[in-house]
Amino acid sequence: MPTPIRLRDLIRQIRAARTAADERAVVQKQCAYIRTTFREEDNTFRCRNVAKLLYIHMLGYPAHFGQLECLKLIASPRFTDKRIGYLGAMLLLDERTDVHLLITNSLKNDMNHQTQFVVGLSLCTLGSICSPEMSRDLAGEVEKLLKSSNAYIKKKAALCACHIIRKVPELMEIFIPATRSLLTEKNHGVLMTAVVLITIMCELSPDTLAHFKKLVPNLVRILKNLIMAGYSPEHDVSGVSDPFLQVKILRLLRILGRHDSEASESMNDILAQVATNTETSKNVGNAILYETVLTIMDIKSESGLRVLAVNILGRFLLNTDKNIRYVALNTLLRTVHADTQAVQRHRSTIVECLKDPDVSIRRRAMELCFVLINGSNVRTMMKEFIVFLEKAEPEFKPACASKMFYAAEKHSPSRRWHLDTMMKVLTTAGNYVQSDVVANLVHLISSATDLHAYMVKQLFKAINQDISQQPLVQVAAWTIGEYGDQLLQPGGDDEDPTKVSEDSVVAALEKVLASNLSCIETKEYAINALMKLSTRFTAAAPRVQSVISIYGSHVDMELQQRAVEYHALFGRFDQMRAGVLERMPVCEIKRDMSAASLLNGSVNGSEDKDEDAMFDDAQNVKPKVKQLDTNNGLLDILGDSFNPPPPSKLSGNKDLLDLLDLDLGSTVETNSLPLALGEVILQA
């Protein structure tokens, strides 16, 4: 057969292809030629053909037919053949194919080879494709190589042991004695692989973790030697001695010192040295400081050391590199509970990050700022968030508005300030405010009995200026419907002396109903408010009735049903209208304002236990209802729950009996009376 082209020539041909079809033609031609040489058992150029096949595999074309040829190359005594064969095995084989089991014997033989590079190839391949069965067969050989005098072989064996332990954790005990001895090595490569192996063991087994805690002094000594060592060209990276090994040791110390006071105590001094002596002008030093901070905050370290760690993160926030600033914010958010006061010292810097052009940094800064809110800084922080809301992207506004409500609810100095702040949130966030904020603000207004007049005037003024913001209009409609009569009363805290008439209030709600900007839910709020005003404003009742009758044929079923039911109340059941539309009672709501529900689990749950009653979502509200008589028509219509008295004959309340279409002479169980308003009216 003619001499096959070399790999570089194949690469040149494929790169010269102008279209995908031309590339496929070149690949198919070469694959056909390679198959032919494999069938003819051409041993001369097998290595070259497998190398070309591996390149074709890397381009995404099928190359499974070369698996057995890789095994033949592995069995070859030549190093060049073994190198390509093992590379092919790592690329073309995995534990899901049965073919990989055929190289177990070759791996075992090569692990005992006199050449360290052949041993290294076999260890790399075993770590890449080992299955549980292969791991059990060859774990003993790997353990022997861990005790080798050759540093190159030892570090390869340690990495292979990492993969074996992940596959079969019960084989961990075999490697523990040899792993301990690796920490006495001078070679940094061996030390690093030993630290990685111990880290994996500690993560997988609590018993092994307890065993290796005895090695904390050894690790501290190694880390101290790295810090105090002079310039070493072999390990120096930007003026830092072997930062990779330092990072690995710090991660292992973090695992060993977690929930262990004794181990943590022995680490405090070395962590302080690393934190103060590491150069911060290069990213290498920043990486070490980052790992140091994580270790300090994760173990039971001293309070002064925690303050030092937070100060390091504060310096990161001033860095010009946006990646370092993001890492600092993310780490502060994870560790703020360890020392909140230390983080508070950097609050101004964190607030400045709300103005950062990078969206990821702004998001992390927003979350961290909410965590830092407390009773002493709530006014300042809310002003900053109002400014942030004005310029924030739409994706930030819903979450920010909700968290502002919960934070203000927990830390507000007064109800007046709380309500004014939420008004600003509604007008600033606009239609991005979520429904839970609307419901909770309604509850807040309902409970602030001394501020009803103030709020109804403020909200009425707001919807006269702008009805495009649906959450604001919904809160205003509910408030005007409940307390609209107080708009007509003079005085109060409102500085605007303009008098409000009944017609202007009804006209404002009519405008909301007729506006194309109003969604169906907003129109439902408005029609409810108009219906309630029919009992607050006696002169406006005919006008309200005429407006409501228009919506009896609305395309939306819910709005149409409300209009029909309300129109019926103006007619046959007009004598009951005032009772049905009475003012809502103040709801007594309890909310579990735990840190987890507030801001990613971030505030001390022991604070502010004596605050005003918290407010819950609308669906969880169960107002207390007084015990009412069985002849009270309101109770029957509203369907409120109560403790029923024993069954009795109904009294001659003619309105109620006419409404329910009941027989005077019948005995009726009281718990069968409550019906929804719509069902009562439509059945009548």
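Residues numbered from 1 in each chain as written. Predicted model: local features only at pLDDT ≥ 70, side-chain atom pairs only at ≥ 80, totals over all residues. Heavy atoms only, no water.

Our next topic: the overall build of the chain. Along its length, the chain carries 36 helices and four strands. Taking all 684 residues of the chain together, 51% fall into the buried category. By sequence separation, contacts in the chain at least 24 residues apart represent 69% of the contacts at least 6 residues apart. (Helix = DSSP H or I, 4+ residues; strand = E, 2+ residues; numbered from the N terminus. Buried < 20%, exposed > 50% of the residue type's maximum accessible area, 1.4 Å probe, protein only. Contact = heavy atoms within 4.5 Å.)

Looking at where Arg 251 falls in the secondary structure, it is placed in helix H14 (residues 243-257). Relative accessible area serves as the criterion here: at 36%, Arg 251 is assigned to the partly exposed category. Separated by 44 residues in sequence, Arg 251 and Thr 295 place their C-alpha atoms 6.9 Å apart.

The next subject is the nonpolar core. Nonpolar side chains in soluble globular proteins tend to be buried together. Counting 180 residues, the largest nonpolar core has Leu 126, Val 142 and Phe 385 as its most contacted members. Of the residues forming this core, the biggest block, nine residues, is contributed by helix H11 (residues 188-204). Leave out the neighbours within four places in its chain, and Leu 126 touches Leu 107, Met 111, Met 134, Leu 138, Val 142, Cys 160 and Ile 164. Within the second largest apolar cluster, 22 residues are counted, among which are Ile 14, Cys 47, Val 50 and Leu 53. (Core = buried A, V, L, I, M, F, W, Y, C linked by side-chain atoms within 4.5 Å.)

Take the packing of aromatic side chains next. Here the structure, examined in full by the defined rule, presents six aromatic pairs. Aromatic side chains Phe 117 and Tyr 152 sit 5.5 Å apart centroid to centroid with 65 degrees between the ring planes, which places their arrangement in the edge-to-face category. In this pair, Phe 117 is assigned in helix H7 (residues 116-129) and Tyr 152 in helix H9 (residues 151-167), connecting sequence segments 35 residues apart. Ring geometry for Phe 388 against Phe 396: centres 5.7 Å apart, planes inclined by 80 degrees, an arrangement best described as edge-to-face. Using a relative accessible area of 1% as the deciding quantity, one classes Phe 396 as buried. (Phe/Tyr/Trp six-rings, centres within 6.5 Å; stacked < 30°, edge-to-face > 60°.)

Here we take up the pattern of salt bridges. Across all of its chains, the model carries 28 salt bridges by this definition. For Arg 46, the salt bridge is made with Glu 69, and the minimal N-O distance between the two is 2.7 Å. With Arg 46 in helix H3 (residues 46-58) and Glu 69 in helix H4 (residues 67-75), this residue pair connects regions lying 23 residues apart in the sequence. Residue classification places Glu 69 among the buried positions, given a relative accessible area of 5%. Where Glu 352 meets Lys 355, a salt bridge forms, and the shortest distance between an N and an O atom there is 3.6 Å. On the basis of relative accessible area, Glu 352 is assigned to the partly exposed category, the value being 47%. (Salt bridge = Lys/Arg side-chain N within 4 Å of Asp/Glu carboxyl O.)

Side chains of Met 58, Leu 87 and Leu 91 sit close together on the surface and give an oily, nonpolar patch of about 290 Å² of accessible area. Mapped onto the fold, Met 58 is located in helix H3. (Patch = residues over 30% accessible without salt bridge, like charges linked within 9 Å, V, L, I, M, F, W, Y side chains within 5 Å. Areas by Shrake-Rupley, 256 points an atom, 1.4 Å probe, with all protein chains shown as cover.)

Before going further, it helps to spend a moment on the packing of helix H1 (residues 7-16) against helix H2 (residues 20-39). Running from N to C, H1 and H2 cross one another at 150 degrees; their axes reach a closest spacing of 8 Å. It follows from the interaxial angle that H1 and H2 lie roughly antiparallel. As for the relative orientation of H1 and H2, their crossing is right-handed in sense. Residue-level inspection shows Leu 10, Gln 13 and Ile 14 of H1 in contact with H2, the latter providing Glu 23, Val 26, Val 27 and Gln 30. Broken down by class, the residue content of the contact of H1 with H2 amounts to four nonpolar, two polar and one charged. (Axes fitted to C-alpha atoms, helices over the stretch in contact; angles between N-to-C directions. Parallel < 35°, antiparallel > 145°, perpendicular 65-115°, else oblique. Left-handed = near helix turned anticlockwise from the far one by under 90°. Nonpolar A, V, L, I, M, F, W, Y, C, P; charged D, E, K, R; others polar.)

Its place among the elements puts Gln 486 in the loop between helix H27 (470-483) and helix H28 (502-514). What Gln 486 contacts, discounting residues up to four positions off in sequence, is His 452, Ala 453, Val 456, Lys 457 and Arg 583.

In the contact formed by H1 and H3, the axes pass within 9 Å of each other and the chain directions differ by 30 degrees. As the angle between them shows, H1 and H3 are arranged roughly parallel. In this structure, H1 meets H3 at a crossing whose hand is right-handed. Contacts from Leu 7, Leu 10, Ile 11 and Ile 14 of H1 reach H3 at Ala 51, Lys 52, Tyr 55 and Ile 56.

To continue, consider the environment of Tyr 55. Mapped onto the fold, Tyr 55 is located in helix H3. You can call Tyr 55 buried: its relative accessible area is 18%. Leaving out residues up to four positions away in the same chain, Tyr 55 has contacts with Leu 7, Leu 10, Ile 11 and Ile 14.

This paragraph deals with the confidence of the model for the chain. Taken over all residues, the pLDDT of the chain has a mean of 83, while the share at 70 or more is 84%. Considering only residues more than four positions removed or in separate chains, one finds that residues 592-684, a stretch of pLDDT under 50, has 143 contacts. (pLDDT = per-residue confidence, 0-100.)

This paragraph deals with unusual backbone geometry. Of note in the backbone geometry, Ser 238 takes a positive phi value of approximately 55 degrees without being a glycine. Tracing the backbone shows Ser 238 in the loop between strand S1 (236-237) and strand S2 (240-241). Here the phi dihedral of His 259 falls at roughly 60 degrees; this positive angle occurs in a residue that is not glycine. Among the structural elements, His 259 can be located in the loop between H14 and helix H15 (261-277).

With that settled, consider H2. For H2, which comprises 20 residues, the first-to-last C-alpha distance of 29 Å matches the rise-based estimate of 28 Å (1.5 Å per residue) to within 8%. Those residues of H2 lying buried are Val 26, Val 27, Gln 30, Cys 31, Tyr 33, Ile 34, Thr 37 and Phe 38. Seen end-on, H2 carries its buried residues on one side only, within an arc spanning 165 degrees. Projecting away from the buried face of H2 at angles above 90 degrees are the exposed residues Gln 28, Lys 29 and Arg 39. Buried residues belonging to H2 abut H1, H3 and H4. Looking one or two residues past H2, Glu 41 carries a phi angle of roughly 55 degrees, positive in sign. (Expected span 1.5 Å × (residues − 1). Arc of directions from axis to C-beta.)

For Asp 321, the position within the fold is in the loop between helix H17 (303-317) and helix H18 (322-335). Asp 321 gets classed as partly exposed once you look at its relative accessible area, which sits at 25%. Sequence separation between Asp 321 and Asn 283 is 38 residues, and the spatial gap between their C-alpha atoms is 9.7 Å.

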